[in-house]
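For reference, the chains in residue letters:
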Amino acid sequence: PQKIIIDTDPGQDDAVAILLALGAPELEVLGLTVVAGNVPLDLTLGNALRICELAGRTDLPVHAGCGGPLEGQLVTAEHVHGASGLDGVDLPEPTMCAAPGHAADFLIETLRREPAGSVTLVPIGPLTNIAEAFRRAPDVVQRVQRIVLMGGGTFGNVTPAAEFNIHVDPVAAGEVFASGTELVVLPLDATHKALTSPDWIEAMRACGPVGRAVAGWTSSYERFDREKYGAQGAPLHDPCAVAWVIEPGIFSGRRINVEIETEGRWTRGMTVADWWGALERKPNALFIRDLDRDALFRLMTDRIGRLDKR
Ligand code: BDR
Ligand code: CA
C-alpha cells in the first residue's frame with residue numbers, strides 16, 4: 001500500500017477524509033499530524049483522537065503540531081464547522097492520548113526512516129506543520145514522494161481571492177509551493193464539484209456507527225453551504241485529496257505554475273494559478289479542475305463502509 005501521513009485540522013470534511021484513508025486497503029496511514037485551523041489546536045487534536053477511536057485505530061500515532069500560522073494571528077472557521085470543529089455528532093471524550101513529540105519532528109523522523117520517495121504527505125489544513133518540518137530539516141524535502149493537498153482555487157472562500165487553508169498561513173504555503181516537491185493541488189475549483197446528496201448521506205447512515213457519524217457531520221456541515229450559497233449539498237473538500245491518492249483517474253487537471261500571494265492588499269493567500277502559462281514559469285503543481293462525482297462518492301461509500309464491516 002501507498003504510505004501517507006495526513007496533516008489535518010478536523011473539521012467535518014477532514015473527518016470524512018481521515019475515515020476514507022483508514023478504510024482504504026490501498027493506503028497505509030503512518031500517522032496523523034494535527035494543526036490549528038478550523039478551530040484552535042486543542043480542539044483539532046481532540047477531534048483527531050475521537051476520529052481514530054471511532055475507526056478503532058487507537059494504535060495510530062497522532063501528533064500535535066503548530067498552534068497558529070508562521071506569521072500573524074490564527075484565523076478559524078467556527079461559523080462553518082461549529083464551536084467544536086466537529087459539530088453534528090456527539091462523540092465521547094477521547095481515551096486515547098496524543099503521541100509525544102511535535103508533529104514537525106514526527107514528519108522529519110518518519111521521512112528519514114522510510115525509504116526516500118516512498119511517503120506521500122496529504123495536508124488538508126493550513127500548511128504550517130509541513131513548512132515547519134521543512135524549515136527544521138531541509139534534508140527531508142527531497143525524501144517526500146509528493147504532497148497531495150487540499151487548498152487554493154481560482155476563486156476564494158474566505159476572501160474573493162483566498163481559500164481558507166492558504167489564507168490561514170500564506171507564508172507556510174509559499175514555502176511549500178516553492179520547495180521543489182512534486183505537488184498535487186485539489187483546489188475549490190474541483191472540490192466544489194464534490195457535493196453531497198441526500199441519497200448519499202442516507203446510504204452512509206445505513207452502514208453502521210462510522211457511517212452514521214459521517215452522515216451526522218455532513219448533514220450539519222451541509223447547512224452552512226445551503227444557507228450561505230444556496231448550494232445543493234456540502235462540498236467534501238478534504239476527501240478529494242485522499243481520493244486522489246487512492247484513485248487519481250477520478251480527477252483531471254493540468255501541470256501549471258502556481259505561486260502564493262503572501263502580501264497583496266486584496267489577494268493575500270491567493271493561489272495565483274497560471275492555467276494558460278501566461279508567465280511561462282516552470283510548472284510546480286498538478287492543478288486539478290475537474291472530477292467524476294459519481295466515481296468519487298462510490299469510492300467513499302465503499303472504503304468508509306469497510307470500517308463498519310470489520
Ligand atoms: C478547507 O477549509 C476547511 O474549512 C476545510 O476543512 C477544508 O480543508 C476548505 O476551504
Ligand atoms: Ca481541513
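What counts, and where the lines are drawn
Residues numbered from 1 in each chain as written. Chains lettered and ligands numbered in written order. Predicted model: local features only at pLDDT ≥ 70, side-chain atom pairs only at ≥ 80, totals over all residues. Helix = DSSP H or I, 4+ residues; strand = E, 2+ residues; numbered from the N terminus. Rg over C-alpha atoms; globule rule 2.2 N^0.38 Å. Buried ≥ 20, exposed ≤ 12 C-beta atoms within 10 Å, placed from the backbone. Contact = placed C-beta atoms within 7 Å. Near = placed C-beta within 6 Å. Nonpolar A, V, L, I, M, F, W, Y, C, P; charged D, E, K, R; others polar. Pairing = 2+ DSSP bridges. Axes fitted to C-alpha atoms, helices over the stretch in contact; angles between N-to-C directions. Parallel < 35°, antiparallel > 145°, perpendicular 65-115°, else oblique. UniProt positions renumbered as here; feature names shortened; annotations may be inferred.

1. Remarks on the overall build of the protein chain
And then number 1: Along the protein chain, the regular secondary structure elements total twelve helices and ten strands.
And then number 2: Here the C-alpha atoms of the protein chain give a radius of gyration of 18 Å, agreeing with the 19 Å that 2.2 N^0.38 yields for 310 residues.
And then number 3: Over its C-alpha atoms, taken along the principal directions, the protein chain stretches across nearly 50 × 45 × 35 Å.
And then number 4: Burial statistics for the protein chain: of 310 residues in total, 53% are counted as buried.
And then number 5: Long-range contacts, defined here as pairs at least 24 residues apart, represent 83% of the contacts in the protein chain between residues at least 6 apart.

2. Concerning the environment of R226
And then number 1: Summarising the element assignment, R226 is placed in helix α10 (residues 209-229).
And then number 2: Distance in space between the C-alpha atoms of R226 and L43 is 25 Å, their sequence separation being 183 residues.

3. Considering the site of ligand 1
And then number 1: Lining the immediate environment of ligand 1, one finds 15 residues, of which G11, D13, A77, F164 and H237 sit closest.
And then number 2: Within the residue set of the shell around ligand 1, elements represented by two or more residues are α1 (12-23), α6 (164-168) and α11 (237-246).
And then number 3: Its residues assigned to classes, the shell around ligand 1 shows five nonpolar, six polar and four charged.

4. Concerning unusual backbone geometry
And then number 1: The amide bond that connects P10 to the next residue, G11, takes the cis arrangement and shows omega of -5 degrees.
And then number 2: By the element assignment, G11 lies in the loop between β1 (2-8) and α1.
And then number 3: One non-glycine residue, E280, lies in the positive phi region at around 55 degrees.
And then number 4: Mapped onto the elements, E280 comes out in the loop between β9 (271-273) and β10 (285-291).

5. Some remarks on the sheet that holds strand β4 (residues 119-123)
And then number 1: The strand order β3-β2-β1-β4-β5-β6-β10-β7 describes an open sheet built from eight strands, whose pairing is mixed. Where the open sheet ends on each side, the last strands, each with one partner, are β3 (62-64) and β7 (251-256). The sheet shows a mean angle of 25 degrees between the axes of neighbouring strands, direction not considered.
And then number 2: In this sheet, β4 lies alongside β1 in parallel orientation, the contact comprising five bridges. If you follow D7 over to β4, its bridge partner there is P123.

6. Remarks on the packing of α10 against helix α12 (residues 293-307)
And then number 1: Packing of α10 against α12 brings their axes to within 7 Å, and their N-to-C directions diverge by 130 degrees. The orientation of α10 with respect to α12, classified from their angle, is oblique. Listed contacts from α12 to V210, G211 and V214 of α10 are I304, G305 and L307.
And then number 2: Grouping the amino acids of the contact of α10 with α12 by side-chain chemistry returns four nonpolar, two polar and no charged.

7. Observations concerning the UniProt feature "domain: Inosine/uridine-preferring nucleoside hydrolase" (unreviewed entry) in the protein chain
And then number 1: As recorded in UniProt, the sites labelled "domain: Inosine/uridine-preferring nucleoside hydrolase" (unreviewed entry) are residues 4-297.
And then number 2: End C-alpha atoms of residues 4-297 are separated by 21 Å, and the span's content is 38% helix alongside 17% strand.

8. Side note on the pairing of β10
And then number 1: Burial runs high along β10: five of the seven residues are buried.
And then number 2: In this sheet, β10 lies alongside strand β6 (residues 183-186) in parallel orientation, the contact comprising three bridges. By the bridge assignment, V184 is partnered in β10 with L286.
And then number 3: Pairing analysis gives six bridges linking β7 to β10, with the strands arranged antiparallel. Bridge pairing links G253 to I288 in β10.

9. Some thoughts on helix α5 (residues 128-136)
And then number 1: Burial analysis of α5 places seven of its nine residues in the buried class, the great majority of the element.
And then number 2: All buried positions along α5 are accounted for by T128, N129, I130, A131, E132, A133 and F134.
And then number 3: Buried residues along α5 sit in contact with β1, β2 (27-34), α4 (103-113), β4 and α7 (170-177).

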